[in-house]
Amino acid sequence: MNLPNYFLADLPPEATLSPAMVTEACQTLKRNRAQYLAQRSTASLVGVLCDVAEAWLKPDNAFRRRALESGPGKTGFSQATLQKGLDNFFHQFTPENFYALLAQELGDAQGLDRFVACGGDAPVAGVSGSGSNRAALAVGPELLVHIAAGNLPNPALMSIVLGLLTRSAQFVKCAHAAAFLPRLFAHSIYDADAKLGACLEIAEWRGGNVELEAALFAESDCVTATGSDETLAAIRARLPVKTRFLDYGHRVSFGFVAHEVLSGFHTRQIVSRTTDDVVAWNQLGCLSPHVIYVESGGDVSPEQFAEMLADELERREETEPRGELATEHAAVIASRRGIYEVRAAHSPETQMWHSKNSTAWTVVHEADARFQLSCLNRFIYVKGVKDLAEALQNAETVRGQVSTVGLAVPEHKLEELAAQLARWGATRVCPLGRMQNPPLTWRHDGRPALGNLVTWTDLET
């Protein structure tokens, strides 16, 4: 399929963007928002988004086919990885999930449509809801700018969804060579509803282009950004005082397996679910595990668990291959393997399993339980601990930076261990196998993803 030139990202590679083009695009977005988006109802927006997702889930959908056929060359992910990741994402788009998100973030799913009563007070004339003499209306920013990271597509797609729900014009600035899937998604919205599509802009350029970004920031009301702490600090320093900034910095995740669940068929299920988390988006997201902590004392030892995980990763490479890797990333994996080959040769406390004649997957088991950053791309550590407290003690170096902890624990211990993790600072706890597939209602880094975008107007009588 040939995509029409709706967005700046559709321009030919030789085209050069100028600050004037960025300014004009932003001003056009604001005009289109006022005309086509600001007065749209939540129900109509949810309907369009659900229709778009339903279309993406159909095998013959042109945008889906383009993503799966051209995606491996454009993104580095294999077709199987793209298919599973996009399907998991779009399956979340249901009216029930959207209204649950809106109710969670706003207190009332209609909070962006009209003034809704604030509970606990006397009634406001003309405002439905629980008795209150105070009501409130949520309002999204006029122009919402997203500075998207280049490692995964789904966060950028979700940012677009949230911006549409808040009735904001949106400019999505993608990392260099990372606009392929956000661009396809935006085109699919344009195809479903051209007026909504006219309130979106997709562009890409290398980070640090001061002139282009100054023009973009000058027009923005709110900027969201995902990236390294250094990148976020540089963006924050250049934003106008009037512009709100929502930053999402570097985060890591890990898994924990309790000894009680390591018996019989349950072990193979848990190994399979752990593999799901390592394979999903090639372990490149903040929600992907770097380390799997395995509690000692079960029928399966941490070392045996690591070997079973290696076997499952080898099988999974046949059905969900990692895909091609840039030379410099493959070199990092080869170098890291070399370190553990030497350690394994001199100490029984280190073992390593890896794919033959490729860097497709690597499992390292170490007696040293200290948290270790993975080099990703399906490189996973397995470490034994006596309990969750010991795992947290060894992860102290990343405390405050942990996004997700995936658990495989007995049901009767789940709430206790989750509370322990919450007090320690983890912002999301989920079953192993779902780490890289959060629900639509997920609070990103423990913060309200949609609620952070809006401001409130109170009406008092």
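Here, the structure is the one placed above.
About the thresholds
Residues numbered from 1 in each chain as written. Predicted model: local features only at pLDDT ≥ 70, side-chain atom pairs only at ≥ 80, totals over all residues. Heavy atoms only, no water. Helix = DSSP H or I, 4+ residues; strand = E, 2+ residues; numbered from the N terminus. Rg over C-alpha atoms; globule rule 2.2 N^0.38 Å. Buried < 20%, exposed > 50% of the residue type's maximum accessible area, 1.4 Å probe, protein only. Contact = heavy atoms within 4.5 Å. Areas by Shrake-Rupley, 256 points an atom, 1.4 Å probe, with all protein chains shown as cover. Lys, Arg positive; Asp, Glu negative; His and termini not counted. Charge placed at Lys NZ, Arg CZ, Asp CG, Glu CD. Axes fitted to C-alpha atoms, helices over the stretch in contact; angles between N-to-C directions. Parallel < 35°, antiparallel > 145°, perpendicular 65-115°, else oblique. Left-handed = near helix turned anticlockwise from the far one by under 90°. Nonpolar A, V, L, I, M, F, W, Y, C, P; charged D, E, K, R; others polar. Pairing = 2+ DSSP bridges. Salt bridge = Lys/Arg side-chain N within 4 Å of Asp/Glu carboxyl O. Core = buried A, V, L, I, M, F, W, Y, C linked by side-chain atoms within 4.5 Å. Right-handed = clockwise from strand over helix to strand, strands pointing away.

How should the overall build of the protein chain be read in this particular structure?
Helix and strand counts for the protein chain come out as 15 helices and 15 strands. Computed over the C-alpha atoms, the radius of gyration of the protein chain is 24 Å, within 12% of the 23 Å expected from 2.2 N^0.38 for a compact globule of 461 residues. Taking the principal axes of its C-alpha atoms as reference, the protein chain extends roughly 70 × 60 × 45 Å. The burial tally for the protein chain puts 52% of its 461 residues in the buried class. Taking contacts inside the protein chain between residues at least 6 apart in sequence as the whole, the part at least 24 apart equals 73%. Entry remark: accessible area of the protein chain is about 20,000 Å², with carbon and sulfur atoms responsible for 50%. Positive and negative side-chain charges of the protein chain, numbering 42 and 53 respectively, have mean locations separated by a distance of 2 Å.

Please clarify how the packing of helix H3 (residues 62–75) against helix H4 (residues 79–90) should be interpreted in this entry.
Where H3 contacts H4, the two axes come as close as 9 Å, and the packing angle between them is 125°. Accordingly, the angle class assigned to the pair H3 and H4 is oblique. The element H3 and its partner H4 pack so that their crossing is right-handed. Mapping the contact onto sequence places Arg64, Ala67, Leu68, Glu69, Gly71, Pro72 and Thr75 in H3 and Gln79, Leu82, Gln83, Leu86 and Asp87 in H4. Taken together, the residues that form the contact of H3 with H4 break down as five nonpolar, four polar and three charged.

I keep staring at unusual backbone geometry and nothing clicks. Help me out?
Peptide bonds are mostly trans, and most non-glycine residues show a negative phi. A positive phi is found at tryptophan 281, a non-glycine position, where the angle reads about 50°. Here tryptophan 281 shows up in the loop between helix H11 (264–279) and strand E9 (289–295).

I'm lost on the sheet that holds strand E14 (residues 428–431) in this one. Help?
Pairing between sheet strands relies on hydrogen bonds along the backbone, with the strands arranged either parallel or antiparallel. Ordered in space as E10-E11-E12-E9-E8-E13-E14, the seven strands form an open sheet in which the pairing is mixed. In this open sheet, the two edge strands, each paired with only one partner strand, are strand E10 (350–354) and E14. Strand-to-strand, the axes of this sheet are offset by a mean angle of 20°, without reference to chain direction. In terms of strand pairing, strand E8 (residues 252–257) meets E9 through five bridges, oriented parallel. Considered in E9, the bridge of glycine 255 is made with isoleucine 292. Here helix H13 (residues 327–346) sits on the sheet in contact with E10, strand E11 (362–366) and strand E12 (379–385), set at roughly 140° to E10.

Hey, could you run me through the pattern of salt bridges in this one?
The tally for this structure, following the rule as stated, stands at 21 salt bridges. Ionic pairing is found between lysine 84 and aspartate 276, a salt bridge with its closest N-O pair at 3.6 Å. In this pair, lysine 84 sits in helix H4 while aspartate 276 sits in helix H11, placing the two residues 192 residues apart along the sequence. Note that arginine 251 is salt-bridged to aspartate 445, the shortest N-O span being 3.8 Å. You can see arginine 251 sitting in the loop between strand E7 (244–248) and E8 and its partner aspartate 445 sitting in the loop between E14 and strand E15 (455–460), a full 194 residues away along the chain. Aspartate 445 gets classed as buried once you look at its relative accessible area, which sits at 11%.

What is the right way to look at the nonpolar core in this model?
As a rule of thumb, soluble globular proteins bury nonpolar side chains together. Core analysis: the largest hydrophobic core is formed by 59 residues, its most contacted members being Trp56, Phe90, Phe93, Phe98, Phe185 and Ile202. Tallying contributions element by element places helix H2 (residues 42–56) first for this core, with eight residues. If we skip the residues at most four places from it in the chain, tryptophan 56 touches Asn61, Phe63, Arg64, Ala67, Leu86, Phe90, Leu184, Phe185 and Ser188. By size, the runner-up hydrophobic cluster in this structure holds 29 residues, among which are Ala369, Ala395, Val402 and Leu421.

Any chance you could explain the pairing of E8 here in plain terms?
Of all the six residues making up E8, six are buried; the element is thus mostly covered by neighbouring parts of the structure. Residues Val252, Phe254 and Phe256 of E8 are buried on one face, and the alternating residues Ser253, Gly255 and Val257, pointing to the opposite face, are buried as well. After leaving E8, the chain enters H11 and then returns to the sheet as E9, a path that is right-handed.

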